[in-house]
Amino acid sequence: MLAATAFLACGLTACSDDDEGGSNPQGPVATYNGKLLTSVGNNVTLRYDDKGRCVEATAYNEKTLIDYEKGIITQGNISSMHLDGVEYRVTFNGAGYITSISTNQNESEDGYTYTVSENSSFSYDGSGHLTGITTKYKEAAYGNGESYSSSENSNTIITWKNGQLASYTCKGEDMEDGEKSYYESVINFTAGSTDNKYNQWTTAEEDGIMETEGLGYAGLFGKGSSKLISSYTETYKDDGEREHNDTYNFTFQLNDDGTIHSERMGNGYTHYYEYSLYNDNNNNSKKAQGLRTKPEQKKNSVSLFNIRTRIENLKAKMKNTK
């Protein structure tokens, strides 16, 4: 999340009014102490237009492109972006934060017709913190005398106390061929004593709130916690039965100006944050050690841009029924 030097008194500040920004928002155009974040470790890189808006994010071999004028996000694998890139419709509020993402895909193959849709909406408080996520997924396949359908709806509430990330509660319902199941994920965050001077989005938000394919780091989903998160504990229940209860710890190092220099989750790799000056088009950043592959999506984690995976899984399910 970025906050321009001229705007630091307001943290992450919009350049337009508070109404819906439509498909061509003016923000978030901001920097961390006059700098744009260009990478987080080897896993996330960000590029910006001459207005300071993030127009490209690359995370774990997935590339996301944003066309503000058309209100379109294109997302796909780096190696086959021109072949399987999927377009999502996107809307923004006046602060430039994303308020909705949706897409519908239809494909036919081997006598089957597949339809998959994803719809997500996001709400924020007056301080620019993400407070709610609603997701709706639908899948259907038919052909060769067979049919299959499933849907998933979830509602997530994120709470903040004095600007600090406090808790996350996600309740969801799955429907598969008419059979319902329920799940619930609760995460309690512990804020450390270190100020997050520029309210930067960190792994605590990216892993604990929502997988954004890097867009959260660029400020497109609001502000991060005012204090850096030292740990969080996550409890997941499926149909009322506890599946797991896990705790994750975080450590940070700061630069002299208060921007994040590095972070480490548990005993994992250290990820270094790199920046460039605003309007510096080079956007070059050092390589951090410890490239890791993208982890499998947790059931209880809200994750965006999964339409291709959903279609391929649906195809595999139908082929396995033969």
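Note that the coordinates shown come from a computational prediction; the quantities given were computed from them, not determined experimentally.

Student: Just checking my understanding: could you explain the pairing of strand S7 (residues 98-109) for this structure?
Tutor: Remark: a regular strand shows side chains that alternate across the two faces of the sheet. As paired strands, strand S6 (residues 86-92) and S7 are joined by four bridges and run antiparallel to one another. Residue pairing across strands places Arg89 opposite Ser102, the latter belonging to S7. Bridging between S7 and strand S8 (residues 112-124) involves 10 bridges; their strand directions are antiparallel. Along S8, the bridge assignment pairs Asn104 with Ser117. Between the antiparallel neighbours S7 and S8 lie two residues, among them Asp110 with a positive phi of about 55°.

Student: Could you clarify how one ought to interpret the pattern of salt bridges in this entry?
Tutor: In a structure, side chains of opposite charge can pair up when their charged atoms sit close to one another. According to the stated counting rule, one finds five salt bridges in the structure shown. Between Asp49 and Arg53 there is a salt bridge whose closest N-O contact spans 2.9 Å. Judged by its relative accessible area of 18%, Asp49 is buried. Overall, Arg53 belongs to the buried group, its relative accessible area being 3%. When the shortest N-O distance is used, the salt bridge between Lys227 and Asp195 registers 2.5 Å. In this pair, Lys227 is assigned in strand S14 (residues 227-238) and Asp195 in strand S12 (residues 179-195), connecting sequence segments 32 residues apart. Relative accessible area serves as the criterion here: at 21%, Lys227 is assigned to the partly exposed category. We classify Asp195 as partly exposed; its relative accessible area is 45%. Salt bridges linked by common partners bring Asp49, Arg53 and Glu69 together as one network.

Analysis parameters
Every chain begins its residue count from 1, and numbering advances along the sequence as written. Note on the predicted model: pLDDT of at least 70 is required for a residue's local features to be given, and 80 or more for side-chain atom pairs to be given and counted; whole-chain, interface and lining totals, by contrast, use all residues. Values reported for side chains reflect all heavy atoms of the structure, with hydrogen atoms and water molecules removed beforehand. Paired strands, in this sense, are two strands between which DSSP finds at least two bridges. Under the scheme used here, helices are H or I runs from DSSP no shorter than 4 residues and strands are E runs no shorter than 2 residues, and both carry numbers assigned from the N terminus. Salt bridges are defined as contacts in which a side-chain nitrogen from Lys or Arg sits within 4 Å of a carboxyl oxygen from Asp or Glu. Throughout, exposure labels follow a simple rule: accessible area from a 1.4 Å probe, protein chains only, divided by the maximum for the residue type, with under 20% read as buried, over 50% as exposed, and the rest as partly exposed.

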